[in-house]
Structure formats: C-alpha cells, structure tokens
Amino acid sequence: MGHHPCAMSPMCCHPLCPVSCICRHPSVTSVLPSLLPCPSVPVSSLCCHLGVPLCAAIPVSPLCCHPRVPLVLPSLRQCPLCAATPRVQLCRQTCPVSPLCCHPCCPALVPRVPLSLYPPSAAIPVSPLCCHPCANVHCALPPRVSRERFKVSCVTNPAPCPPCAAMPASPLCCHPCCPVSPSPRAPTPRFRIPPISPLLPVSPPLSPCPRPAMAPLADLYQVSMAYGHWRAGRHRAPAAAELFFRRPPFRGSFALGAGLAEGLRGLRAFRFSAADVAYLRSVLPSTIDDAFFDYLATLDASEVPFLQVKGPLLVVQLLETTLLCLINYASLVATNAARFRLLAGPDMKLIEMGLRRAQGPDGALSASKYSYIGGFDCTSNILAGKLYGIPVRGTIAHSFIMSFRCLEEVQPRELPPRAGGDPVDLADLAVSWLQRVCDLLQTPPSKANQGELAAFVSYAVTFPCDFQGLLDTYCVRRSGLPNFCAVALALHQLGYQAIGVRLDSGDLAQQSKEIRGVFQACGAHFQVPWFGTIPIAVSNDISEQSLEEFRREGSEIDMIGIGTHLVTCPLQPSLGCVYKLVEVNGCPCLKLTEDEEKMTIPGMKAIYRLYDAAGHPFMDLMALEEEPSPSAGQELGIRVLGRLEETTKVIPSTVEALHRTYFRDGQVCEPLPSLPEVRSHAQVSLNLLSPAHRRLHEPQPYPVAVTERLHQLFLELRQGSL
C-alpha cells in the first residue's frame with residue numbers, strides 16, 4: 001500500500017517544525033519556506049493512515065489532548081483517558097473522539113479549553129478546512145497546505161466512508177476512502193457526548209504559538225553535565241539552587257521580580273518528548289549510553305519548587321537556563337517600566353507602544369505584560385490585550401492623514417446630532433468653524449492643509465465619540481491645530497466631545513504648552529468649557545532623559561507613549577540573574593573565585609525583609625533555613641554583604657518572610673494572583689521604598705545582610721577549600 005500525502009496539521013505543537021509532529025510520512029513535502037526539516041518524530045496514536053502502526057509517544061503541549069498522561073502512553077487502547085471516551089469506526093480503524101481531536105471524520109467533539117482563549121495565530125484544533133459537525137469557532141489562518149497539493153484516491157474501498165460522506169476532505173484527513181467534496185453538506189452527528197469539564201489550564205497560552213516541551217529550552221552543556229551526574233549515579237541526589245542577581249539594574253537600588261507565572265508553566269511543561277530525545281541523540285556524542293536517553297524521557301519537574309529550587313540534582317541542573325530565560329527579561333522590563341512610572345509621576349498616563357521595536361513577537365508580548373506590571377496603564381498591542389486583559393489604546397497615524405488630499409474624498413460626510421435629528425454635513429460645518437478658529441488664532445485658513453482637514457473629518461464621522469487628532473503631519477501651528485479645533489468644535493455643535501490630540505515630533509514640552517493655550521483660548525472664546533482640558537499625548541523615542549526634561553521645563557502633557565526605550569532596555573540590555581547550586585546531599589556548596597563578587601553564599605536559606613519605624617524596608621536578611629525566624633523589636637547581629645568583616649546591630653520594627661512555596665509535587669500549590677493584583681502589589685512595594693532607595697540617580701544602596709551563623713558557615717567552607 002502506498003503512502004498518501006499528509007499536510008501539516010494545525011495541531012503541530014512544535015512552532016519551529018514545518019512538518020506536523022503527528023506525522024512523519026516520507027511523502028510529506030509541503031513545508032514552510034526558510035525552515036529546516038523536522039528531525040524524525042513519532043507517529044501519533046491519533047494518526048489514522050492505513051498500514052501505519054500506532055505509536056505510544058504523544059508530545060505534551062498546550063494542545064495535548066491527554067492533560068494527565070505523563071509523557072509516554074503504553075498504547076492507545078490502554079490509555080485510561082481514551083478508554084472512557086466514545087469511539088467511532090473510521091475506515092476499519094478505531095479512532096478516539098478526543099476533546100481536541102483534529103480529524104474531520106470524528107462526528108462529535110467538545111473542546112476541553114474554549115477555543116476563544118487561543119489567539120488567532122496559534123495552532124488551534126479548528127482550522128479553516130475543519131468540518132467538525134460540533135465546531136462553531138473557526139480559525140482565521142489560511143490553510144498551511146493548499147487543497148491542490150492534497151490528493152486522495154480510494155485504494156481499497158471505492159465506497160465513501162460513512163462518517164466522512166457529508167464532509168469535504170481537509171488537509172488533516174488521511175483516510176483513503178474520504179471523498180473530496182467541493183461543497184460541504186450539513187453533517188449530522190451520529191451520537192452526542194456530554195460536556196467535558198475543563199482539565200487543561202483555562203488561562204491563555206503565553207505566546208501566539210503553543211509552547212513546546214520546555215526541557216529543551218536549555219544550553220547543551222546542561223545535558224552533558226546531566227549525563228555526568230547520571231553516569232556517576234548522583235542524578236537522584238537531593239540538591240538545591242538559588243536564582244538571584246548580584247547588583248540592581250540601571251545603576252539603581254531596586255528591581256521588580258517578575259516571571260513567576262511563566263516559570264511555573266515552564267516547570268509544568270518540563271519534559272523531553274520523544275522527538276526531543278531523538279534530537280539529543282543526534283547532537284550528543286555517540287558514546288552516550290542508550291539508557292540515559294530512556295531516563296530523559298521519564299523526567300519531569302514534579303519535585304521542584306520555584307526560584308529557590310529543591311529536587312534531584314540532575315533536574316535542578318537542567319532547570320538553570322530555562323528559569324533564567326523566563327525570569328531575566330521579565331524582571332528587567334518590569335523594573336524599566338517602574339523607573340518610567342517613578343519619573344512620570346502617579347497622574348501621568350503611560351502607554352506601552354513598543355511592538356514594532358521589540359525583539360520578535362514573544363519579546364513584544366512579554367514587554368507589554370511586564371511593563372503593565374511595572375506601572376504602565378495600557379498597551380497598543382492588541383494580542384497582549386486579548387491574552388492578558390491589559391487595557392488597549394491607540395491614536396491615529398500619519399499615514400491615515402497623508403492618504404487624503406481634499407474634502408471631496410470624504411465619504412460619508414454626514415453625521416446625525418448625538419441627541420437625534422437630521423444628519424448634518426460635517427465637512428461643511430468644519431469648514432465654517434475653520435474660518436472662525438483661524439480668525440481667533442490670527443492665521444490664514446489657506447495655510448491649513450485640506451487633506452489633513454479631510455482626514456480629521458473622515459475620522460470624526462467614523463468615530464464621533466472617540467475623535468482624536470495627530471497634529472504634526474504638516475505644520476502644527478498653521479495646520480494641525482486649527483484643523484483639529486475646527487472639527488472638534490463642529491462635533492461639539494452636534495453634541496460630541498473630542499478625546500485628545502497627539503504630538504510625535506519637535507519640542508514636545510514647549511508645543512504642549514502652546515497647544516494648551518490654544519485650547520483654553522478656544523474654550524473661553526466659543527464658550528466650550530471642556531475644550532481647555534482636552535488631553536495631550538506625546539510620543540517620539542521617549543526616554544528617561546525625555547521625562548526628566550518634561551519635568552524640568554514644565555509641560556501640559558497628559559499621556560506619554562513609550563516604545564523603544566521601554567521594550568529594548570538600552571540602558572541595560574540584561575538583568576544578569578544567575579542560578580547557583582547551594583547544597584547537594586545536605587552538604588552546603590560554595591563557589592570560590594578570585595572575583596569576590598562572584599562568590600556564592602552556601603546553604604539553603606530563608607529570606608526576611610526588615611522594616612523601620614516609618615514602614616520603609618531598610619534591609620533584606622539571609623539566614624540558614626534551620627535558624628529561628630527573627631522577630632520585630634529583636635536586636636539582630638548581622639553582617640552586610642560587601643562589609644563582612646564587621647558586625648552590625650539592627651532592630652527591625654517589622655519582619656516579613658519573603659519566600660512562599662508555589663510549586664510542589666508537580667503542581668501549582670498556591671493560587672497565583674491576577675495580573676492587576678500583581679501590578680497593584682508592585683506599585684505598593686515601590687511606594688514603600690524610602691526616597692533614598694527609590695531615587696533613580698545615585699540612590700543609597702539597599703543593603704543585603706547575612707546572619708552570624710550563615711557568615712560562620714561561609715568562613716568554614718572557604719577555609720576548608722583553601
């Protein structure tokens with residue numbers, strides 16, 4: 001029996017793999033351009049090509065339809081999840097009706113996770129060519145392989161397959177007897193199954209593409225060291241590591257820790273799929289024992305908590321790069337955003353608009369999410385708003401204004417009054433107001449660009465309750481400002497109110513003051529009280545220095561859009577978090593180096609934040625995990641890092657334990673706060689900092705100290721290593 005062409009499945013959970021992870025037939029030739037061919041991958045147990053044996057390995061991904069099956073299924077028929085699921089006969093083969101099954105022949109499907117939670121660009125089970133009778137949501141993606149490339153011919157049975165007869169063949173269909181129907185008929189389900197309670201997480205994916213298994217998100221030397229631990233029989237030794245940074249970013253005195261949710265999801269997805277193991281075989285030395293690869297296929301993170309990491313030595317080692325990747329950028333962007341918020345003040349509206357400048361779509365989404373945590377009010381990124389619930393805002397671009405040349409291009413032109421009545425020609429009304437505005441501003445109407453006026457009128461007719469203008473496409477004073485005022489006053493005459501203007505070039509602070517003066521003059525002259533308070537937004541490569549200049553010179557700016565200097569963090573491109581082993585088999589570990597700053601603090605530790613009488617945190621204290629917790633009002637003998645040779649006495653008014661366990665036995669064990677709750681907590685924490693620690697230039701260093709017992713352990717280990 002010959003092979004049949006199989007198209008790339010929308011359920012492929014390898015974003016970089018052009019060939020579906022659920023099929024490895026040699027006749028698959030349609031791949032995405034510029035992508036390398038996928039290494040050998042297992043045939044999924046959902047594959048229904050005749051003559052292809054069932055394979056036990058199913059990659060566990062955000063779209064995996066076996067959420068509680070570890071990594072490898074013994075067989076399809078023995079899978080407890082599938083066994084309880086109704087089956088339907090398909091071309092003499094038994095196919096489970098999976099909640100996320102993507103076979104067009106399955107007559108009854110109920111998604112475990114609402115499809116609306118997945119972004120349009122994600123690989124979701126309902127594709128443009130899907131013909132599920134029960135599917136009511138369709139993805140906007142074009143087919144990955146054209147229908148012309150997918151040819152099906154009956155091989156064994158010329159009669160149509162009953163479940164498929166009412167449906168056209170799709171690129172996912174791999175039954176030889178499925179007819180190619182150019183016009184689908186309404187199918188009738190053969191049976192119903194009851195609604196299935198969600199078993200997968202109901203939170204949206206973290207990026208537009210489903211994440212693959214997270215274990216391969218590591219440096220190669222992590223796997224080489226893991227083999228060393230396995231070969232020596234130390235891979236199950238209990239171990240602990242800590243993730244931390246050595247100095248605050250941006251020459252400041254604080255940093256916002258972020259990325260907890262990403263890290264936890266990374267831990268839940270920590271496993272090597274069969275395809276991952278096959279790839280590792282191809283890049284590691286051929287002398288490695290086969291049994292090591294078998295062991296990798298069984299690994300997960302079920303014994304590992306987060307940030308302060310305890311678990312088997314091999315797993316603790318493998319998690320290093322993954323956790324650093326997930327925490328470093330998140331914390332850096334959140335801290336950068338917090339600095340912008342501190343400079344702007346609490347009343348200024350800040351909009352993140354760095355999508356076009358970010359390091360790819362994942363970087364853009366992370367920047368939107370973590371800048372919101374750091375204190376920004378909204379984002380221009382639609383997908384970030386959809387995924388994370390961040391408020392989305394936007395204004396208008398120069399291209400829209402430049403696309404108009406005259407008022408005759410405006411269609412439609414009429415707008416009914418807000419209170420009701422006959423429509424009014426808004427263009428004519430705006431022209432009459434333009435003359436009056438120009439008389440007030442003592443500028444000739446002929447200098448106002450007619451294409452710009454047409455663009456404003458067209459936008460106002462389209463969005464009468466949300467009209468806003470971009471003033472600097474041509475000349476702000478002679479064109480943009482008079483044209484905007486004319487259209488805004490025409491809208492006011494019909495009962496509407498403009499919501500703002502934006503500047504994108506020039507001396508933004510000075511122009512904002514001039515614009516505010518014009519708005520106030522128009523409001524007083526034409527008796528429109530709200531006109532003088534129209535919000536003014538600015539953009540144009542805004543940096544920390546820009547905000548300092550606005551504050552120094554004074555301005556009338558109400559909203560600031562920041563992109564490049566927020567998402568790319570040019571003042572410090574990396575936070576510099578590190579991940580160091582601190583204990584193995586109950587014995588503390590110490591890294592000694594000639595660079596004293598790079599020495600580590602040994603042993604498992606508890607961390608406490610000490611507050612003064614004013615409620616400001618003044619020190620973080622590290623103690624051995626077995627030490628008694630310090631208490632408020634207790635005199636503590638401590639040693640500050642950087643000044644370990646001297647003992648300092650402190651008496652905290654309040655003591656806060658900072659560590660909480662969020663991940664145990666493979667599960668999230670503590671409810672995670674929502675994004676707005678995280679944002680609120682970050683702002684409260686920043687406000688608690690003393691002004692000396694919160695200032696951005698030459699701040700007072702925030703001290704971190706160790707207890708006398710921990711210092712003594714450090715000295716003993718250092719002496720023993722010399």
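Keep in mind it's a predicted model, so treat the numbers as computed, not measured. (Residues numbered from 1 in each chain as written. Predicted model: local features only at pLDDT ≥ 70, side-chain atom pairs only at ≥ 80, totals over all residues. Heavy atoms only, no water.)

Chemist: Please explain the overall build of the protein chain as it appears in this structure.
Modeler: A count of helices and strands for the protein chain gives 18 helices and 22 strands. Residue burial in the protein chain is summarised as follows: out of 722 residues, 52% are buried. Across the protein chain, every contact between residues at least 6 apart in sequence was considered, and the portion connecting residues at least 24 apart equals 67%. Counting only carbon and sulfur atoms, one obtains 55% of the accessible surface of the protein chain, whose full area is about 33,200 Å². (Helix = DSSP H or I, 4+ residues; strand = E, 2+ residues; numbered from the N terminus. Buried < 20%, exposed > 50% of the residue type's maximum accessible area, 1.4 Å probe, protein only. Contact = heavy atoms within 4.5 Å. Areas by Shrake-Rupley, 256 points an atom, 1.4 Å probe, with all protein chains shown as cover.)

Chemist: Help me understand the sheet that holds strand 15 (residues 605–611), please; the structure alone is not making it clear to me.
Modeler: Working definition: the strands of a sheet are paired by backbone hydrogen bonds and lie parallel or antiparallel to each other. On the basis of which strands lie adjacent, the open sheet formed by six strands has the order 18-17-22-16-15-19 and mixed pairing. Here the strands that pair on one side only, and so sit at the sheet edges, are strand 18 (648–650) and strand 19 (654–657). Between one strand axis and the next, the sheet turns through 40 degrees on average, direction left out of account. For strand 17 (residues 636–640) and strand 18, the ladder comprises three bridges, and the chain directions are antiparallel. Bridge assignment links isoleucine 638 to a residue of strand 18, and that residue is threonine 648. Contacting strand 15, strand 16 (617–624), strand 17 and strand 22 (704–707), helix 18 (residues 708–721) runs over the sheet at an angle of about 80 degrees to strand 22. (Pairing = 2+ DSSP bridges. Axes fitted to C-alpha atoms, helices over the stretch in contact; angles between N-to-C directions.)

Chemist: Looking at this model, I keep getting lost on the pairing of strand 22. Mind explaining?
Modeler: A regular strand places its side chains so that they alternate between the two faces of the sheet. Where strand 16 meets strand 22, three bridges bridge the pair, whose relative direction is parallel. Across the sheet, the residue bridging to methionine 622 is valine 706, located in strand 22.

Chemist: How do you make sense of the sheet that holds strand 13 (residues 578–584) when you look at a structure like this?
Modeler: Taken in spatial order, the four strands line up as 4-3-13-14 in an open sheet, and their pairing is antiparallel. Only two strands of the sheet have a single partner each, and these edge strands are strand 4 (308–312) and strand 14 (587–588). Helix 6 (residues 313–344) contacts strand 3 (238–244), strand 4 and strand 13 of the sheet and is inclined by roughly 150 degrees relative to strand 4.

Chemist: Sorry, what's going on with the pattern of salt bridges here?
Modeler: Should their charged atoms come close, side chains of opposite charge can pair. This structure, assessed with the given rule, holds 16 salt bridges. With its nearest N and O atoms 3.3 Å apart, the salt bridge here joins aspartate 428 to arginine 413. Remark: arginine 413 occurs in the loop between helix 9 (398–402) and strand 7 (414–415) and aspartate 428 occurs in helix 10 (residues 426–441); sequence separation between them is 15 residues. A salt bridge links arginine 516 to glutamate 556, with the nearest nitrogen and oxygen atoms 3.3 Å apart. (Salt bridge = Lys/Arg side-chain N within 4 Å of Asp/Glu carboxyl O.)

Chemist: Would you explain the pairing of strand 17 in this entry?
Modeler: Among the five residues of strand 17, four are classified as buried, and the element is accordingly described as predominantly covered. The sheet contact formed by strand 17 and strand 22 spans three bridges and is antiparallel. Residue pairing for strand 22: valine 640 is matched across the bridge by alanine 705.

Chemist: What am I meant to see in unusual backbone geometry here?
Modeler: The general pattern is negative phi for most residues beyond glycine and trans for most peptide bonds. The residue after glutamine 411, namely proline 412, is reached through a cis peptide bond having omega -5 degrees. Assignment of secondary structure puts proline 412 in the loop between helix 9 and strand 7.

Chemist: Please explain the packing of aromatic side chains as it appears in this structure.
Modeler: Ring pairs (aromatic) are described by centroid distance and by the angle formed between their planes. Under the definition given, this model contains 15 aromatic pairs. When the centroid spacing of 5.9 Å and the interplanar angle of 20 degrees are considered together, the rings of tyrosine 227 and tryptophan 230 count as stacked. Within this pair, tyrosine 227 and its partner tryptophan 230 are both found in helix 2 (residues 220–231), separated by three residues, close to a single helical turn. Given the relative accessible area of 17%, tryptophan 230 is considered buried. The ring of tryptophan 433 has arginine 436 lying over it, and the distance from NZ or CZ to the ring centre is 4.0 Å. Sitting above the plane of the tyrosine 372 ring, arginine 679 keeps its charged end 4.8 Å from the centroid. (Phe/Tyr/Trp six-rings, centres within 6.5 Å; stacked < 30°, edge-to-face > 60°. Lys NZ or Arg CZ within 6 Å of the ring centre and 35° of its normal.)

Chemist: How should the nonpolar core be read in this particular structure?
Modeler: Here is a general trend for soluble globular proteins: nonpolar side chains tend to be buried in one another's company. Judged by nonpolar contacts, the single largest core of 136 residues is most densely connected at Val457, Phe467, Phe484, Phe519, Phe531 and Ile560. The element that contributes the greatest number of residues to this core is helix 6, accounting for 18 residues. Ignoring anything within four residues of it in the chain, the contact list for phenylalanine 467 reads Phe456, Tyr459, Ala460, Phe484, Val487, Ala488, Leu491, Ala498, Ile499 and Gly500. Among the nonpolar cores identified, the runner-up in size contains twelve residues, and Tyr608, Val640, Val650 and Ala705 belong to it. (Core = buried A, V, L, I, M, F, W, Y, C linked by side-chain atoms within 4.5 Å.)

Chemist: Looking at this structure, how should I read the packing of helix 6 against helix 14 (residues 544–553)?
Modeler: A pair of packed helices is characterised by two quantities: the angle between their axes and the separation of those axes. Look at helix 6 against helix 14: their axes get within 9 Å of each other, and the N-to-C directions meet at 10 degrees. By the angle between their directions, the pair helix 6 and helix 14 is classed as roughly parallel. When helix 6 is examined against helix 14, the residues Asn336, Arg339, Phe340, Leu342, Leu343 and Ala344 are found in contact with a partner set consisting of Glu544, Leu547, Glu548 and Arg551. Looking at the contact of helix 6 with helix 14 residue by residue, the class counts come to five nonpolar, one polar and four charged. (Parallel < 35°, antiparallel > 145°, perpendicular 65-115°, else oblique. Nonpolar A, V, L, I, M, F, W, Y, C, P; charged D, E, K, R; others polar.)

Chemist: Any chance you could explain helix 2 here in plain terms?
Modeler: Spacing of three or four residues puts side chains on the same side of an α-helix, whose turn is 3.6 residues. Its twelve residues place the ends of helix 2 17 Å apart at the C-alpha level, agreeing with the 16 Å of an ideal helix rising 1.5 Å per residue. Summarising the contacts, the buried residues of helix 2 are in contact with helix 4 (274–283), helix 5 (290–296) and helix 6. Positive backbone phi, approximately 75 degrees, marks glycine 233, located one or two places after helix 2. (Expected span 1.5 Å × (residues − 1).)

Chemist: Teacher, can you tell me more about a nonpolar patch on the surface here?
Modeler: A cluster of nonpolar residues, Leu220, Tyr279 and Val283, forms a patch on the protein surface that exposes about 270 Å² of accessible area. Tracing the backbone through its elements, the reader meets tyrosine 279 in helix 4. Looking at tyrosine 279, the relative accessible area reads 46%, which means it is partly exposed. (Patch = residues over 30% accessible without salt bridge, like charges linked within 9 Å, V, L, I, M, F, W, Y side chains within 5 Å.)

Chemist: Please explain the packing of helix 7 (residues 360–373) against helix 16 (residues 675–688) as it appears in this structure.
Modeler: Relative to each other, helix 7 and helix 16 sit at 50 degrees, their axes nearing to 8 Å. By the criterion of interaxial angle, the relationship of helix 7 to helix 16 is oblique. Residues Lys369, Tyr372 and Ile373 of helix 7 pack against Leu675, Pro676, Val678, Arg679, Ala682 and Gln683 of helix 16. Per-class residue counts for the contact of helix 7 with helix 16 are six nonpolar, one polar and two charged.

Chemist: What is the right way to look at the side chain of glutamine 683 in this model?
Modeler: Within the element layout of this structure, glutamine 683 appears in helix 16. From its side chain, glutamine 683 meets the backbone oxygen of isoleucine 373 in a polar contact 3.4 Å long. Filtering out sequence-adjacent residues up to four positions away, glutamine 683 remains in contact with Arg341, Ile373, Gly374 and Gly375. (Polar contact = N/O pair within 3.5 Å; in protein donor to acceptor, adjacent residues only side chain to side chain.)

Chemist: Which parts of the structure should I look at to understand the side chain of threonine 473?
Modeler: Examined against the element boundaries, threonine 473 turns out to sit in the loop between strand 9 (468–470) and helix 12 (476–493). Not counting residues up to four positions away in its chain, the partners in contact with threonine 473 are His398, Ile401, Met402 and Glu452.

Chemist: What is the right way to look at the environment of histidine 398 in this model?
Modeler: With respect to the helices and strands, histidine 398 occurs in helix 9. Once residues within four sequence positions are removed from consideration, histidine 398 is found in contact with Leu470, Asp472, Thr473 and Asp504.

Chemist: So what exactly am I meant to see when it comes to the environment of isoleucine 601 here?
Modeler: Here isoleucine 601 is to be found in the loop between strand 14 and strand 15. When the C-alpha positions of isoleucine 601 and proline 588 are compared, they lie 9.2 Å apart, and in sequence the two are 13 residues distant. Sequence-distant contacts of isoleucine 601, that is, excluding residues within four places in its chain, are made with Val582, Met622, Leu641, Val706 and Leu710.

Chemist: Please clarify how the environment of glycine 500 should be interpreted in this entry.
Modeler: Mapped onto the elements of the fold, glycine 500 is located in strand 10 (residues 500–503). Residue glycine 500 is classed as buried on the basis of its relative accessible area, which comes to 6%. Separated by 16 residues in sequence, glycine 500 and phenylalanine 484 have C-alpha atoms that sit 9.8 Å apart. With residues near it in sequence (within four places) discarded, glycine 500 still touches Phe467, Gln468, Gly469, Phe484, Ile534 and Pro535.

Chemist: Looking at this model, I keep getting lost on the confidence of the model for the protein chain. Mind explaining?
Modeler: For any part of a model where pLDDT is low, the fine detail of the predicted coordinates should not be relied upon. Confidence along the protein chain averages 73 in pLDDT terms, with 69% of residues attaining 70 or more. Note that pLDDT drops below 50 for residues 1–211; the model gives that stretch 381 contacts with residues more than four away or on any other chain. (pLDDT = per-residue confidence, 0-100.)

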